[in-house]
Amino acid sequence: METELTDDIDQPLKDRLRAHPRPALLWGAGLCILLLLEGPTYLDGLLGAIGAGLGLLPGAPGAEAFASASAFFSELPHLLSRELVPNRGYYDGSAWQGTFLGLEPKYAWLIRFLLVYAYVAALLGWLWYGYVLFRRHYRAADWTPTDDVIDRLRSHYWGLFGLTVVVFFVTMAAFAPVVGPTTAEENIEGPYSHDMKYYNEDTETVETITIGEANLGSASRGSGDSNVGIWSYDDFGRFHPVGTLVSGKDLFTFLAFGARVSLFIGLGSMAIAGFIATTLALVTAYYKGVTDLIVVLTSDSVQAMPALLLVILATVVFRNHWIAELYSGAMLFILLFALIRWPGLWRAVRGPALQVGEQEWVDAAKSYGQRPTVIMRKHMAPYILGYLLVYASLTLGGVIISVSALSFLGLGITAPTPEWGRAINIGQQYIASQSWHISLIPGILITLVVTGFNAFSDGIRDAIDPQSEGAEGGATGAAAGGGGG
C-alpha cells in the first residue's frame, strides 16, 4: 500500500492531522456513531466492573453508587438490547405476543444474535479502516516492520481461523446478556423469583407460572418426553438453541455466561503472570549474574511442583476463606494460575530479553546515564512484548482447560455461577441418550476455543518471526502444523 507522505517526515502527528483533517474527522465520526449505538452497554459494563472491584475491598466507599449508576445505564435503550429485539413471549392460541414483530421466538432470537455479531464485525472493520487511513494519510514513514507483520498475518489462514474463533468467543462473553435467549437472573440466579406466561393447550388459555416451575418441566434427563434438544421449544413455548440442562435451565445462556468466567480467569491470570514474567525477564537481562541465577532457581522450584495437585490442594484449603468467595472463586484461580504460569512465560521471553540487552542502543543508553528502569521500559520491553503475546495466548488455552477440568471434578467455580466444565460433569451420564447435548456441546466449545487461541498464537508467531518453523512452509504449512503451539 502506498502512503501519502507529508513534506516533512519529522512533522508531529498532530500537525499532519491539522494539515489534512478530513479523513480523520470522518473516521472519528463513524466510530462515535458505532460506540453511541451501544453506549449504555459500555457504561453499564464499566461502572459495574468498578463497583464490583470496590465491593471486593472491605469498607471501600462508592460501591453502591457505581452499582446504581450501572443499573441506570442498563435500563437505557440501545441497539442490541433485549427490549429492542425481544424473543421472550407467549402464544395466545392464534399468534405470538411480546416477540419482535410477532415472530416465533427462535427467529426473534436469531435476529438479535446475528445483529450482535454484525455489530462486532462492523466495529472491528471500522477500526481496521482507521489503521488503513493512518497508513495512507498520517504516517510519516512509507514503510515500517509492522506492515510486514500484518501482511504475513493476513495471509496466514490458520492464524485467521484462530482469530475468528477468538473473536466469536470474546463476543459471546462480552455480550452474554444479549446473545442468550434468556437472562442470567431468570435462568440461573433466581428462577423462582420470575414469572412467565404460556399457552396451555389442554385448557386453551394463557396461564402464568414461575420460571423455576417451568424449568422442572423442561429438564433434559434422557429420552422421550424427558428431553429438550437442540433448536427446539419446551412445553412452555420457550426456545432453546442448544437444548436445556438436567435442571431445565437454558444451556446456551449457561454457556454464554460461562464464557465470561473462563475469559475473566484466563485474561486475569495471564495479565498477572505476564507482568511478573516481563519484569523478571528485563531485570535478569539487564543485571544478569546472581540475579538471573536466583530467578532461574525460583522458576525451577515452581515448575517442579505438580501444578494440578497444587491447584486442587489450594482449592480445598481456601474453600471457606473470603478470597474463595470473590466472584465465586474466580479470583482465587486467577492468583493460582498466575503463580503457576509465570515461570513458563518468563523462560519464553528470557532469551529475547537477553538478546536485546546486548544491543548497541542499550549500551548507548547506559553510557548516557539513563536509569535502568527507563532503559528496561523504553529500550528493551517493546522488543519482547510480541513474544510475550504469543506465549500468553498459548498458555491461556491451557488455563481454560484447567478451569474446566477442575469444575468437572467439582472443585472449580462455585454453583450457580456457570462454568463449561460443570455442564460436562452434570451431563456425562446422559451422553449415550438423547440428552447428549449437555456434555458434548460444552466439550466441543472448549476444544474449539483452545484450538482457536493456539492457532491465533501460531499466526502471530509466524508473522513476527518469518524464519519460524511454521512460517517456512507459508500459510499452508502453518495451517498444517499450527495446532502444536
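Just so we're clear, the structure is a prediction, and the values are computed from it rather than from any experiment.

**Some points on the UniProt feature "transmembrane region" (unreviewed entry) in the protein chain**
1) Next: Mapped onto this numbering, the UniProt entry annotates "transmembrane region" (unreviewed entry) at residues 24-43, 109-134, 155-176, 261-287, 294-316, 322-340, 384-415 and 435-456.
2) Next: Between the C-alpha atoms that bound residues 24-43 the distance is 25 Å, and the span itself is 95% helix and 0% strand.
3) Next: The span residues 322-340 carries 58% helix and 0% strand; its end-to-end C-alpha distance comes to 21 Å.

**Looking at the packing of helix α5 (residues 105-138) against helix α7 (residues 157-174)**
1) Next: For the pair α5 and α7, interaxial distance at closest approach is 11 Å and the crossing angle is 120°. With respect to α7, the axis of α5 lies oblique. Helix-helix and strand crossings are classified by hand; for α5 and α7 the assignment is right-handed. For the pair α5 and α7, the contacting residues are F113, V116, Y117, V120 and L124 in the first and V167, F168, T171 and M172 in the second.

**Re the packing of aromatic side chains**
1) Next: Under the criterion given, the structure shown has 22 aromatic pairs.
2) Next: Ring centres 5.5 Å apart and planes at 20° place the aromatic pair W158 and F161 in the stacked group. Taken together, the residues W158 and F161, both in helix α7 and 3 residues apart, mark about one turn of the helix.
3) Next: Judged by its relative accessible area of 16%, W158 falls in the buried class.
4) Next: Within the aromatic cluster, the residues linked to one another by ring pairs are Y91, W96, W109, F113, Y117, F168, Y199, W231, Y233, F239 and F252.
5) Next: Sitting over the ring of Y286, K366 keeps its end group 4.6 Å from the ring centre.

**Some thoughts on the side chain of T210**
1) Next: Tracing the backbone through its elements, the reader meets T210 in strand β4 (residues 205-210).
2) Next: On the basis of relative accessibility, which here comes to 17%, the residue T210 falls in the buried class.
3) Next: A distance of 3.0 Å separates the side chain of T210 from the side chain of E213, its partner in a polar contact.
4) Next: Leaving out residues up to four positions away in the same chain, T210 has contacts with P191, Y192, H194 and D195.

**Some thoughts on the environment of I230**
1) Next: Within the secondary structure, I230 is located in strand β5 (residues 230-233).
2) Next: Overall, I230 belongs to the partly exposed group, its relative accessible area being 41%.
3) Next: Residues I230 and T244 lie 14 residues apart in sequence; the distance between their C-alpha atoms is 8.3 Å.
4) Next: If sequence neighbours within four positions are ignored, I230 has contacts with H240, P241, V242, G243, W436, H437 and I441.

**Focus on the UniProt feature "domain: ABC transmembrane type-1" (unreviewed entry) in the protein chain**
1) Next: Using the residue numbers shown here, the UniProt feature "domain: ABC transmembrane type-1" (unreviewed entry) corresponds to residues 259-457.
2) Next: Secondary structure over residues 259-457 splits into 77% helix and 0% strand, and the C-alpha atoms at its two ends are 20 Å apart.

**Quick look at the pairing of strand β3 (residues 195-200)**
1) Next: As paired elements, β3 and β4 share 6 bridges and run antiparallel to each other. Bridging from a neighbouring strand, Y199 pairs with V206 of β4.
2) Next: What sits between the antiparallel neighbours β3 and β4 is a turn of 4 residues, in which E204 has the positive phi angle 55°.

**Things to note about helix α19 (residues 437-464)**
1) Next: Between the first and last C-alpha of α19 there are 40 Å, a value that for 28 residues agrees with the 40 Å anticipated at 1.5 Å per step.
2) Next: By the criterion of burial, α19 is predominantly enclosed, with 20 of the 28 residues buried.

**Side note on the pattern of salt bridges**
1) Next: All chains considered together, the criterion is met by 10 salt bridges.
2) Next: In this structure, R238 engages D234 in a salt bridge whose closest nitrogen and oxygen atoms are separated by 2.7 Å. Exposure class is identical for R238 and D234. Each is buried.
3) Next: Here D458 and R461 are joined by a salt bridge, their closest N and O atoms 3.5 Å apart. Here R461 and D458 lie together in helix α19, a separation of 3 residues that amounts to about one turn.
4) Next: The exposure class assigned to R461 is partly exposed, which follows from its relative accessible area of 25%.
5) Next: Residues participating in the shared-partner salt-bridge network are R135, R139 and D147.

Each value, and the rule that gives it
Residues numbered from 1 in each chain as written. Predicted model: local features only at pLDDT ≥ 70, side-chain atom pairs only at ≥ 80, totals over all residues. Heavy atoms only, no water. UniProt positions renumbered as here; feature names shortened; annotations may be inferred. Helix = DSSP H or I, 4+ residues; strand = E, 2+ residues; numbered from the N terminus. Axes fitted to C-alpha atoms, helices over the stretch in contact; angles between N-to-C directions. Parallel < 35°, antiparallel > 145°, perpendicular 65-115°, else oblique. Left-handed = near helix turned anticlockwise from the far one by under 90°. Contact = heavy atoms within 4.5 Å. Phe/Tyr/Trp six-rings, centres within 6.5 Å; stacked < 30°, edge-to-face > 60°. Buried < 20%, exposed > 50% of the residue type's maximum accessible area, 1.4 Å probe, protein only. Lys NZ or Arg CZ within 6 Å of the ring centre and 35° of its normal. Polar contact = N/O pair within 3.5 Å; in protein donor to acceptor, adjacent residues only side chain to side chain. Pairing = 2+ DSSP bridges. Expected span 1.5 Å × (residues − 1). Salt bridge = Lys/Arg side-chain N within 4 Å of Asp/Glu carboxyl O.

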